[in-house]
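# Summary of the model geometry
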Amino acid sequence: MSDSENRPGWAVYATHSGEAAEGGVLGRAGPKIDGRARILGAALYTDDLHLPRMVVGKFVRSTQPHARIVSIDVSGALAMPGVVGYAIGSELPQKYGVIPVAQDETAMAIGKVRYIGEAIACIAAVDEETAHRAVRAVKVEYEPLPAVLTIEDALDPSKPHIHEGSRKPSNILRRIFQEYGDIDKGFAAAEVVIEDTYEYPGSTHVPLETHVALANLEPDGKLTLWSSTQNPHYVHRDVAHVLGMREQDIRLIKPTVGAGYGGKCDPFCTDIVAAHLARKLRRPVKITLEREEVFYTHRGRHPTRMWLKMGFAKDGSITAIDFKAWAEGGAYASYGVVTSYYLGVFMPLPYTLENYRFESHRLYTNKPPCGPKRGHGAIQPRLALEMHIDRAAQALGLDPAEMRRANCIAPDTETCNGLKVTSVGMRECIDAVVTASGYHTRRGALGPGRGLGLAASAYMCGALHPVYQNELSQSCVQLKVDRSGEVTLYSGTADCGQGSVHMLAALCAERLGIEPSDVRVIEGDTSLTPVDLGSYSSRVTFMAGNACVSASDKVREKLAAAVAAKLGVEPAALTFNGRRVFVTTAPDRALSFVDAVWLAEEMFGPIGEVGGYKPHKIGSRFRRQSVGPSPAYSFTAQVAEVSCDLETGIVVVDKIWVAHDCGRAINRTIVEGQIEGCVYMGVGEALFEEQRYRGGLHAVPSLLEYKIPTVHETPEIETFIVETHDPNGPFGAKEAGEGPQLSTVPAIANALHDATGIWFTRPPFTPEVVLAEISRAARAAAQRPPESS
Amino acid sequence: MSDSTNEAAGERVVALTVNGDSVRRLCPSSRTLLDFLRVDLGLNGSKHGCDVGDCGACTVLVDGIPRLSCITLAVEVEGLAVRTIEGAGPDEARIVAAFDEHVASQCGYCTPGIVLCLSHLYSEDPAADDEAIRQALGSNICRCTGYTKILAAARAASQREASQPAQGGSDE
Ligand code: FES
Ligand code: FES
């Protein structure tokens, strides 16, 4: 038993925090401030923007997985009426990429192509139809090269190098090796050792809005770029870098974004080429990707081969983990260096572990580049680890839920690899889903073809260290308080639907005792809003939220000082609530919020404040541990109930119970929605989704062929929120938008074992895969002498 | 330019009602209803998700029936009444309020199409049950919500929810 139960500020799942929030905003359910604009179709997305004289750009894309470009002939296209210009790769030779050590990409291919679908040239025309026809008139001559298409190919030194001339003479972008404790001793102490390989398929994000960019050259030579991005800051930097412009001369605006899930984290050819063409043609240029092109743009889940060996003591504790992973990354690095770390660094969570070793490889192949998809890099190993735990429980005759529970790390723990963990609600999550699902009585008792499975997981709340080294704030928020009482909040964040606009408004409103709808949020505009690094690594609530609370506190201090002077009390004696500032012990002695602002402006001058957030330095014992550490970690447990038709192999997920420790729910409905969205995406990866290829050619580049769950395939999801009030989160909040996806696939896999007696180690669990495994198991059983199972 | 068909340019005059207003426009006969609404009329609430009929983001109501505007030509709806999300009115008020309350719209790209599908459903069956709701939304992809909040909102917008507790059962 840990001391977690006695921790101050600890709250049990499915209740509110216990103490009511002063401003009355925290922990509410219900609408977000920008909800109606989206529901009523009034929100403007990038593709909804039109400028006078605007032309559209369309890409010519590679038909070869790996080939030298002998020639590009655009003359046929340029001769067509309505075509106004073009760009080819060599006009933009500067390499770029978010990760400074792995900038291997140009906006369009130069000299050779590295995957089918890679942009080669862009034609600008007066409308989409003309651009389409013009693109077909462009002639590209190729000289094919042998393609590198599999993990084996990528590891074979005799294969051609996809990035010849790069520092590393191979198709291995990055190999990571880390070892902690004493692996041999750990395995020697094991009662049971489980060893197996797993194959996790690639999958892609499928945001409903495709990637769009619109660029306009201003008369003074400055540039405005509207982009459907998750990361305005990085796009801003890279576009300036590639175009050779000063960052200050580019204004990057992120309009409403139709979701990303990690798929809009990179700066894309859309952004850079639209900006380039706007300068070259002196006309506004919009580029809207078609659905098929999004499948080539990709940056999704790395297909990953894994080998996992784990030792367990009699009591179910983990004595050692040895793990190897090979992630097939496609033609460019994207965030692949980070992926190679994330594959390994979270394995010592959430179970106590002293002896750990991992080796991961991120490989280049001639396919669309992989990158960060929700649960980045941590999804794949979680399947292997959580299945190993169930397998060990079976071998040791232990209950899988109890075994997990008993081995949870305690709050305020440092893991063997140097992750400093603060709040931990792991046990509460497990208890919530085990109880609600009837796991203990129903597992193993549902009859043939039906089963229950449990899995647990942990995830980060932003990266401790910024992507490019600096000592600046990772999130900044600026507040302007008008004498009308309107509060305007400026933030460089990028709400992609996850609700970060509302999160910021709610935190500010909570501190100032007003309503979230009283706060106007201006976000993602580099000329108006202070920097935020972006919507990735589940960082926004934690980091931008902290910056927001800091700015709000400064405003509050001024208001409190002015009101206190007026009422003749100490500032600390005041409460901010209900659009009023009043004496806590005598609520009738009050001023309206507007009057408080007026008084404060009289006392201090115009009211505007900024707040920044930078994680406090958390020294690690391991200097090399720079990717993975986070200021806090979220925890999830879920139980899946599945039915498997043993005749057809069709698997149906009937229900998911999910409990997530988000630290504190700023808005309960939004948190639930994030958790449900994660589970949904996990169900898709478990049952249907796979970025499949024939050779180097994408085999399923449409929404009809690439199967994602519709309302009919999505299970009922019952959600529990666990609140642990993280000491460093804004009002104790952590994250909810990614972590919950980690345990969905393993919960389903473990449920499938309960249903069929088979360990399925390769998602998606399609009827073909399931039937093949069932008949293989039947054959194996027929060959074995009878034994009790 | 005359009102008649300009075959040489492949253009035609399309006359129809959009959100209650009569509209006459000359447009290429190959123009999709989705582009006609978005580009010619500036009604951006209907979205491009795939342009080939796979996602439902472009759904509008044509004479009250949901239709995928990306695979419908503007000339096909000549003389008919089109309703887009911009035309949402009292008929949709319950749905919009429920979507707001349940935060059933995350990124919002799918939402206008879904709201219109539900509007059609409730116009035919004001007390639609869960199964009917699922059927009505079967061709609308939402990649954000996992449908849970959408179903909750749709349930709340159905008269069934309002009528059931009071009457202890449905009177259908
Ligand atoms: S845009 Fe019409 S169905 Fe996808
Ligand atoms: S809310 Fe984003 S697709 Fe439905």
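All figures in this text were calculated on a predicted structure; none of them were measured in a lab. (Residues numbered from 1 in each chain as written. Chains lettered and ligands numbered in written order. Predicted model: local features only at pLDDT ≥ 70, side-chain atom pairs only at ≥ 80, totals over all residues. Heavy atoms only, no water.)

### Section: the overall build of chain B
Secondary structure summary: chain B contains six helices and five strands in total. In sequence order, the secondary structure elements of chain B are arranged as β-β-α-β-β-β-α-α-α-α-α. Counting the 172 residues in chain B, one finds 52% classified as buried. For chain B, the exposed area adds up to about 6800 Å²; of that, 48% sits on carbon and sulfur atoms. (Helix = DSSP H or I, 4+ residues; strand = E, 2+ residues; numbered from the N terminus. Buried < 20%, exposed > 50% of the residue type's maximum accessible area, 1.4 Å probe, protein only. Areas by Shrake-Rupley, 256 points an atom, 1.4 Å probe, with all protein chains shown as cover.)

### Some details on the overall build of chain A
The helix and strand inventory of chain A stands at 19 helices and 30 strands. Taking 789 residues into account, the globule formula puts the C-alpha radius of gyration at 28 Å, and chain A, at 27 Å, falls close to it. For chain A, the residues scored as buried account for 66% of the 789 residues in total. Long-range pairs, those at least 24 residues apart, make up 81% of the contacts in chain A with a sequence separation of at least 6. Total accessible area computed for chain A in this model is approximately 26800 Å², and 52% of it derives from carbon and sulfur atoms. (Rg over C-alpha atoms; globule rule 2.2 N^0.38 Å. Contact = heavy atoms within 4.5 Å.)

### Examining the layout of surface pockets
Estimated volume of the second largest pocket: approximately 1000 Å³. Lining the second largest pocket we find 38 residues, and of these E128 and E129 of chain A together with D35, H48 and D51 of chain B sit closest to its centre. Those elements that place two or more of their residues in the lining of the second largest pocket are β1 (55–61), α3 (128–136), β12 (285–288) and α8 (291–297) of chain A together with α1 (33–40) of chain B. Broken down by element, the residue count for the lining of the second largest pocket peaks at five residues, all from α3 of chain A. For the lining of the second largest pocket, the class distribution of residues is 13 nonpolar, nine polar and 16 charged. (1 Å grid on protein atoms, 1.4 Å probe; cavity = no way out; pocket = protein on both sides within 12 Å on 5 of 7 lines; lining within 4 Å. Points joined across faces, edges and corners; volume = space filled by probe spheres on them. Nonpolar A, V, L, I, M, F, W, Y, C, P; charged D, E, K, R; others polar.)

### Quick notes on helix α14 (residues 500–512) of chain A
All names here are of chain A. Here α14 contains 13 residues, and its C-alpha end-to-end distance of 18 Å stays within 8% of the 18 Å for a straight helix at 1.5 Å per residue. Where burial is concerned, most of α14 is hidden: 13 out of the 13 residues are buried. Remark: G513 follows α14 within two positions and exhibits a positive phi of approximately 70°. (Expected span 1.5 Å × (residues − 1).)

### Considerations on the nonpolar core
Residues and elements named next belong to chain A. If you look at the biggest cluster of nonpolar residues, it comprises 123 residues, and the most contacted ones within it are Y342, F346 and F765. Residues lining this core come from more than one domain, with at least three contributed by each of domain 1 (47–145 + 211–288) and domain 2 (304–465 + 622–780). Discounting chain neighbours no more than four positions away, the residues touching F346 are A378, R382, L419, Y459, M460, G628 and Y633. Within the second largest apolar cluster, 52 residues are counted, among which are L512, V549, L559 and V569. (Core = buried A, V, L, I, M, F, W, Y, C linked by side-chain atoms within 4.5 Å. Domains from an automatic or database assignment.)

### Observations regarding the interface of chain B and chain A
Counting residues at the interface gives 44 residues for chain B and 50 residues for chain A. Together chain B and chain A conceal approximately 3900 Å² of surface at their shared face, both sides included; 56% is due to carbon and sulfur atoms. Among the residues chain B hides against chain A, the three largest losses belong to D100, Y109 and R143 of chain B. Together they make up 21% of the total. In this structure, the connection of chain B to chain A is made through seven salt bridges. Linking E676 of chain A and K149 of chain B is a salt bridge whose minimum nitrogen-to-oxygen distance equals 2.9 Å. Those elements giving two or more residues to the side of chain B that touches chain A turn out to be α2 (90–101), α3 (111–124), α4 (130–136) and α5 (148–157) of chain B. Per element, the largest residue contribution to the side of chain B that touches chain A is five residues, and it comes from α2 of chain B. (Buried area = accessible area lost by both parts, 1.4 Å probe. Salt bridge = Lys/Arg side-chain N within 4 Å of Asp/Glu carboxyl O.)

### Some thoughts on the domain arrangement of chain A
All names here are of chain A. Domain boundaries in chain A define domain 1 (47–145 + 211–288), domain 2 (304–465 + 622–780) and domain 3 (472–613). Each of domain 1 and domain 3 has a C-alpha centre, and the two are 39 Å apart. Listed by partner, the interface residues are 16 residues for domain 1 and 18 residues for domain 3. Taken over both partners, the interface formed by domain 1 and domain 3 buries close to 1200 Å², and the fraction arising from carbon and sulfur atoms is 51%. There are two salt bridges connecting domain 1 and domain 3. Among the salt bridges present, the one from R251 reaches D525, with a minimum N-O distance of 2.6 Å. Only α6 (232–243) and β11 (250–253) provide two or more residues apiece to the side of domain 1 that touches domain 3. In terms of residue class, the side of domain 1 that touches domain 3 is built from eight nonpolar, six polar and two charged.

### With respect to the sheet that holds strand β22 (residues 574–577) of chain A
Residues and elements named next belong to chain A. The strand order across the open sheet built from three strands is β22-β23-β24, with neighbouring strands paired in antiparallel fashion. Both outer strands of the open sheet, β22 and β24 (586–592), are each paired with one neighbouring strand and no more. Each adjacent strand pair in this sheet contributes to an overall mean axis angle of 30°, direction not counted. Alignment of β22 against strand β23 (residues 580–583), held across four bridges, turns out to be antiparallel. In the strand pairing of β23, T575 is matched with F582. Against the sheet, helix α16 (residues 593–604) touches β23 and β24, its axis set at about 65° to β24. (Pairing = 2+ DSSP bridges. Axes fitted to C-alpha atoms, helices over the stretch in contact; angles between N-to-C directions.)

### Quick notes on the domain arrangement of chain B
Residues and elements named next belong to chain B. Looking at the assigned domains, one finds that chain B contains domain 1 (5–86) and domain 2 (88–163). Taking the mean C-alpha position of each, domain 1 and domain 2 sit 23 Å from one another. Across the contact, 17 residues belong to domain 1 and 15 residues belong to domain 2. Summing the contributions of domain 1 and of domain 2, the shared interface buries around 1300 Å²; its carbon and sulfur component is 59%. Of the charged contacts, one joins E92 and R83 as a salt bridge, the two residues approaching to 2.4 Å between their closest N and O atoms. Run the count over domain 1 and domain 2 and you get four residue pairs in polar contact (both at pLDDT 80 or more). Put simply, the parts of the chain that give the side of domain 1 that touches domain 2 at least two residues each are β3 (59–62) and β4 (65–68). The element best represented in the side of domain 1 that touches domain 2 is β3, accounting for three residues. (Polar contact = N/O pair within 3.5 Å; in protein donor to acceptor, adjacent residues only side chain to side chain.)

### Description of the sheet that holds strand β30 (residues 716–722) of chain A
Residues and elements named next belong to chain A. Taken together, the four strands give an open sheet; going across it, the order is β18-β26-β27-β30, and neighbouring strands pair in mixed fashion. Sheet topology places β18 (450–460) and β30 at the edges, where each strand pairs with a single neighbour. For this sheet, the mean inter-axis angle between neighbouring strands, taken without regard to orientation, is 15°. This element, helix α17 (residues 668–687), spans β26 (633–644), β27 (651–661) and β30 of the sheet and lies at about 130° to β30. On the sheet, helix α18 (residues 744–756) packs against β18, β26 and β27 and is oriented at approximately 160° with respect to β18.

### Thoughts on empty space enclosed by the protein
Residues and elements named next belong to chain A. For the structure shown, the criterion picks out six cavities of 30 Å³ or more. By volume, the largest cavity amounts to about 120 Å³. E105, A107, Y115, C269 and R299 are, among the 15 residues lining the largest cavity, the residues nearest its centre. Residue composition of the lining of the largest cavity, by class: nine nonpolar, two polar and four charged.

### Considerations on the side chain of T756 of chain A
Here T756 of chain A is to be found in helix α18. Discounting residues that sit within four places of it in the chain, T756 of chain A has contacts with C644 and L646 of chain A.

### Quick word on the packing of helix α10 (residues 379–396) of chain A against α18 of chain A
Residues and elements named next belong to chain A. Between α10 and α18, whose axes approach to 8 Å, the crossing angle comes to 35°. Seen from above, α10 lies across α18 with right-handed handedness. When α10 is examined against α18, the residues R382, L383, E386, M387, D390 and Q394 are found in contact with a partner set consisting of V745, P746, A749, N750 and H753. Taken together, the residues of the contact of α10 with α18 sort by class into five nonpolar, three polar and three charged. (Left-handed = near helix turned anticlockwise from the far one by under 90°.)

### Some points on helix α15 (residues 540–567) of chain A
Between its first and last C-alpha atoms α15 of chain A spans 38 Å; for 28 residues at 1.5 Å apiece the expected length is 40 Å, and the two agree. Looking one or two residues beyond α15 of chain A, the residue adopting positive phi is G568 of chain A, at roughly 70°.

### Remarks on the state of the cysteines
Residues and elements named next belong to chain A. Counted under the stated rule, the structure contains zero disulfides over all chains. No disulfide involves C429; its sulfur sits 9.0 Å from that of C408, the nearest cysteine. Residue C429 is classed as buried on the basis of its relative accessible area, which comes to 0%. (Disulfide = S-S within 2.5 Å.)

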